[in-house]
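What follows is the residue order along each chain.
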Amino acid sequence: MKNFINISDHSSVELKAIIEEAKKRKQSRIDLNKSAPDNDKPFFGKSMAMIFEKPSTRTRMSFDIAVKQLGGSSIILNPDGIHYGKGDETLQDTARVLSEYVDIVMLRTSTHKNLDEFSRHLKIPIINGLSDLSHPCQIMSDILTFEESNGAIKNKIISWIGDGNNNMSNSLIEAAGRFDFNLRIGCPKKYSPSKHILSWAKKNKVKLEITSKPLEAVENSDCIMTDKWISMNDKVNTKIKKKILKPYQVNKKLLNRANKDAIFMHCLPVGRGEEVTDEVIDGRQSVVWRQALNRVHAQKSIIKWCLD
Ligand code: CP
Ligand code: NVA
């Protein structure tokens, strides 16, 4: 079974092939309407079930459009509206039932172990649409977005500023290993990457530098990325966390220290005036809207890879 749960589960060759397929498919449908199917309709007669334990705009919309463009259909399931491991049916049984109805499942979960549990009992592939530990589809589409504007990501310098210990930064560290780019994380010590991901990075020879000085982290950088200071279901004192992260705001001064053609990325939703200023996110170096669009193209390729 080909699941897509973490970037680290896959080889560089497989991941690069997924990105190349996404570029090709995106290019080949340039004249088609937003939801018109691709000519070859590789998902014709097939369907995807999507389960969201947490809110979502982009993941929900982009997977739905991705499936339509592949020629298939999708159904969105609200955990509160189905039997979903809350006493009346185990997750295991829900997984068995879904396997009879659809061809692939996408799950957004607050508890990464639900992905593992589902994947153990599903007879069809599962895609991680964000968990507390990783957000692989977002990082894959961000690689597509980076390469569209700045060419091959290999050996480029990517700077992650702010919360260094969340789902996005974990997947970015894994991507740095697989796509061979230099990753600089500028974060306060309290929000540094976890021991677990750091030991993976060491074993996989990730070119990773961690500093508590944001200006140092963006020097000569090709891309500055950040994320909300408070992630969904982040069980922290928000006032304290925001205060500690204040010096890590991506503003014009910080952006000006990066390369002239550096791009600014944010997975969205954004805390305007917190992790990034309006001037940066609405400025000429920001590619955030294209990042949102590219979720469609990267995920089409991921779905196709899972089902091939
Ligand atoms: N970036 C992202 O995953 O956005 P949503 O939470 O809106 O899906
Ligand atoms: N780290 C953020 C990403 C949102 C797409 C969160 O988990 O809320």
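Note that this is a predicted model, so its numbers are computed, not measured. (Residues numbered from 1 in each chain as written. Chains lettered and ligands numbered in written order. Predicted model: local features only at pLDDT ≥ 70, side-chain atom pairs only at ≥ 80, totals over all residues. Heavy atoms only, no water.)

As for the site of ligand 1
Near ligand 1 you find Ser56, Thr57, Arg58, Thr59, Arg108, His135, Gln138, Cys267, Leu268 and Arg295, and these make up its full shell. At 2.9 Å from an oxygen atom of ligand 1 is found a side-chain nitrogen or oxygen belonging to arginine 108. Measuring from a nitrogen atom of ligand 1, one finds a side-chain N or O atom of glutamine 138 at 3.0 Å. By residue class, the composition of the shell around ligand 1 is two nonpolar, five polar and three charged. (Near = heavy atom within 4 Å. Polar contact = N/O pair within 3.5 Å; in protein donor to acceptor, adjacent residues only side chain to side chain. Nonpolar A, V, L, I, M, F, W, Y, C, P; charged D, E, K, R; others polar.)

Considering the site of ligand 2
What surrounds ligand 2 is the set Leu130, His135, Asn166, Asn167, Asp227, Ser231, Met232, Cys267 and Leu268. Here a nitrogen atom of ligand 2 and a side-chain polar atom of serine 231 are 2.7 Å apart. Considered on its own, ligand 2 offers 270 Å² of accessible surface; in the complex 96% of this is hidden by protein. (Areas by Shrake-Rupley, 256 points an atom, 1.4 Å probe, with all protein chains shown as cover.)

Regarding the state of the cysteines
In this structure the tally under the stated criterion is zero disulfides. Cysteine 187 takes part in no disulfide bond, and the closest cysteine sulfur, belonging to cysteine 267, lies 16 Å away. Its relative accessible area of 1% is what places cysteine 187 among the buried residues. (Disulfide = S-S within 2.5 Å. Buried < 20%, exposed > 50% of the residue type's maximum accessible area, 1.4 Å probe, protein only.)

Overview of the sheet that holds strand E5 (residues 157-161)
Strand order in the open sheet formed by five strands is E7-E6-E5-E8-E9, and the pairing between neighbours is parallel. Of all the strands in the sheet, the pair left with one neighbour each is strand E7 (208-211) and strand E9 (263-266). Recorded for the sheet is a direction-independent mean angle of 20° between the axes of neighbouring strands. As paired strands, strand E8 (residues 223-226) and E9 are joined by four bridges and run parallel to one another. Bridged to methionine 225 within E9 is methionine 265. Against the sheet, helix H5 (residues 136-150) makes contact with E5, E8 and E9, and its axis sits at roughly 165° relative to E9, the strand it touches most. Sheet strands in contact with helix H6 (residues 167-179) are E5, strand E6 (182-186) and E8, and its direction is about 155° off that of E6. (Pairing = 2+ DSSP bridges. Helix = DSSP H or I, 4+ residues; strand = E, 2+ residues; numbered from the N terminus. Axes fitted to C-alpha atoms, helices over the stretch in contact; angles between N-to-C directions. Contact = heavy atoms within 4.5 Å.)

Comments concerning the pairing of strand E3 (residues 104-108)
Here E3 lies mainly inside the structure; five of its five residues are buried. Of the two faces of E3, both are covered, the one formed by Ile104, Met106 and Arg108 as well as the one formed by Val105 and Leu107. Direction of pairing for strand E1 (residues 47-52) relative to E3: parallel, over a ladder of five bridges. Among the inter-strand pairings, isoleucine 51 is bridged to a residue of E3, identified as leucine 107. Regarding the hand of the β-α-β motif, the stretch spanning E3, helix H4 (residues 112-121) and strand E4 (residues 126-128) is right-handed. (Right-handed = clockwise from strand over helix to strand, strands pointing away.)

Focus on the packing of aromatic side chains
A ring pair, where both rings are aromatic, is described by two values, the distance of the centres and the angle of the planes. Enumeration over the complete set of coordinates arrives at two aromatic pairs. Seen in terms of ring centroids, phenylalanine 4 and tryptophan 305 are 6.2 Å apart; in terms of plane orientation they differ by 80°. Their pairing is edge-to-face. With a gap of 301 residues between them, phenylalanine 4 in the segment before helix H1 (12-28) and tryptophan 305 in helix H12 (residues 288-307) connect regions that are remote in the sequence. Taking the relative accessible area as the measure of exposure, tryptophan 305 reaches 12% and is therefore buried. Ring geometry for tyrosine 84 and phenylalanine 118: centres 6.0 Å apart, planes at 35°, overall tilted. Residue tyrosine 84 is found in the loop between strand E2 (73-77) and helix H3 (91-101), and its partner phenylalanine 118 is found in helix H4; the two are separated by 34 residues along the sequence. (Phe/Tyr/Trp six-rings, centres within 6.5 Å; stacked < 30°, edge-to-face > 60°.)

By themselves these figures say nothing about function.
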